[in-house]
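This is what each chain is made of:
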Amino acid sequence: MLTVQRLHDLNQPLLAEHQLQFSYLADLLSRRHQDAQAVVRELVKFQVAIPSWALGTGGTRFGRFPLGGEPRNLEEKIGDVGLLHQLNGSSNSISLHIPWDIPQDIAGLEQLQREYGLVIDSVNSNTFQDQPGQPFSYKFGSLSHTEQAVRQQAIQHNIDCINYGRQLGARTLTVWLADGSNFPGQQHLRRAYRRTQESLAAIYEAMPSDWQLLIEYKPYEPHFYSMVIPDWGTSYSLCQSLGQNANVLVDLGHHLPNTNIEQIVGRLQQFGRLGGFHFNGSMYGDDDLTTGSSKPFQLFLIFNELVDAARDTSVTNPLVAYMIDASHNTKDPLEDLLQSIENILGAYAKALLVDREALHEAQETNDVVRAEEILRDAFLLDVRPLVAEAYRQSGGALKPVAAYRAAGVREQLIQQRGKLSVSTGL
Ligand code: AOS
Ligand code: ZN
Ligand code: ZN
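Residues numbered from 1 in each chain as written. Chains lettered and ligands numbered in written order. Predicted model: local features only at pLDDT ≥ 70, side-chain atom pairs only at ≥ 80, totals over all residues.

Under the annotation held in an unreviewed UniProt entry, the protein chain carries the name Sugar isomerase and is attributed to Hymenobacter aquaticus.

*Asks:* Could you give an account of the overall build of the protein chain, naming the residues involved and the relevant values?
*Replies:* Counting its secondary structure elements, the protein chain contains 16 helices and 10 strands. Relative to the 2.2 N^0.38 estimate, which gives 22 Å for 426 residues, the radius of gyration of the protein chain is 22 Å and therefore close to what a compact globule would have. If you line up the protein chain on its principal axes, its C-alpha atoms span 65 × 60 × 40 Å. Burial status across the protein chain gives 45% buried among its 426 residues. Considering only contacts within the protein chain whose residues lie at least 6 apart along the sequence, 80% involve residues at least 24 apart. (Helix = DSSP H or I, 4+ residues; strand = E, 2+ residues; numbered from the N terminus. Rg over C-alpha atoms; globule rule 2.2 N^0.38 Å. Buried ≥ 20, exposed ≤ 12 C-beta atoms within 10 Å, placed from the backbone. Contact = placed C-beta atoms within 7 Å.)

*Asks:* Tell me about the environment of L20, residues and numbers included.
*Replies:* Structurally, L20 is set in helix α2 (residues 15–31). Under the C-beta neighbour-count criterion, L20 is labelled exposed, with 11 such atoms within 10 Å.

*Asks:* Before we move on, could you go through the site of ligand 1 and cite the residues and values that matter?
*Replies:* If you check the shell around ligand 1, you find 12 residues, and the closest are H97, N124, W176, D251 and D325. Among the residues making up the shell around ligand 1, the classes are represented as 3 nonpolar, 4 polar and 5 charged. (Near = placed C-beta within 6 Å. Nonpolar A, V, L, I, M, F, W, Y, C, P; charged D, E, K, R; others polar.)

*Asks:* Explain the nonpolar core residue by residue, including any values.
*Replies:* Generally speaking, soluble globular proteins have nonpolar side chains that are buried together. Ranked by internal contacts, the top residues of the largest apolar core, which has 101 residues, are I215 and A349. Ranked by residues supplied to this core, first place goes to helix α11 (residues 333–352) with 11 residues. Non-local contacts of A349, meaning those with residues more than four positions away in its chain, are made with V39, L43, V383, L386 and V387. (Core = buried A, V, L, I, M, F, W, Y, C linked by C-beta atoms within 7 Å.)

This is the structure we're talking about:
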């Protein structure tokens, strides 16, 4: 853990320049009748959950290049997220994955969470792999399987996840269903949907009333002919059939190239069914790269929809759960998470600065150019001083990645955990 003194020392040489940049931007914004401090307050409040599986190097089916010092158990994963939260004040929760993170010492974990100021956000079930000793295989599906016994085993696993989550204070179950088919004719498409709906209904029934079920969709992978839940329409219809506490989860990498994700976000909010996000960056598909690295404008447009809906009293969408879903083979995963959050906060800040009244007017009068200019004005503003100020006000580092390096965090982790430690994950 970094001490308050250490963080202070790391910030000290950067402070004068930061103050200069911040006051210049605050001045500029106040001329436009916008309040820099109000934006900073929103950024300080904004929290993004970190998944336990993004803390170690991922890899591809061709290879994996562990970098050393990876967390070996849930306690060390909490330690890593705690460190990120110290650096940026924006990652106060963890998403668990069962069975990779089965909690053993509940009291000890709670103590650790308190020390780091963290909560357990959601639990994610896994019926995409067979676990040792498991009676039935998921080779041909889980919640959608043709055999009742296999479906039952998958339902029970999800109920077990809820029970583990309850012990640690989680209140969200995320289901990403890997079921699907690889060849035409392999699976009866309507029946697979119906069986999935029934299985999800059994899970939903078993879920406590203050929990929510998030249903993630994905167009392809691991199956390449059809996925049982390929798109937001399928997720949405399943949620509708289950009840109020089931909502759609949008993973940014789960769309075919050039899909208008911001429009999907807008639609789901319109229907009051946007439950959460898995943030990542994608060029081609489920790339799981750094959020906002290759398509920052799209990330901004997504936040623009979120901010717009939050200000529209006719929209009654539940609270949206934000999480990162990334996997790295070439970067230090902790550095990636710091970068991802920085890009997320930047996109959010820009969306908060859109002149919404002017935009509304331009839209209503069909002033195409003006509407686009208003968005570009906000997007092209350099909001980094606002993000840095939010870090500073939450006791973090003005430049989290630089501080992480200067403090030699990875080197220390390698010393404590070894060069060969490999985290569980994707
Ligand atoms: C898989 O492609 C999905 O993005 C999942 O959300 C996630 O990566 C997985 O559930 C990790 O267990
Ligand atoms: Zn995901
Ligand atoms: Zn994914």
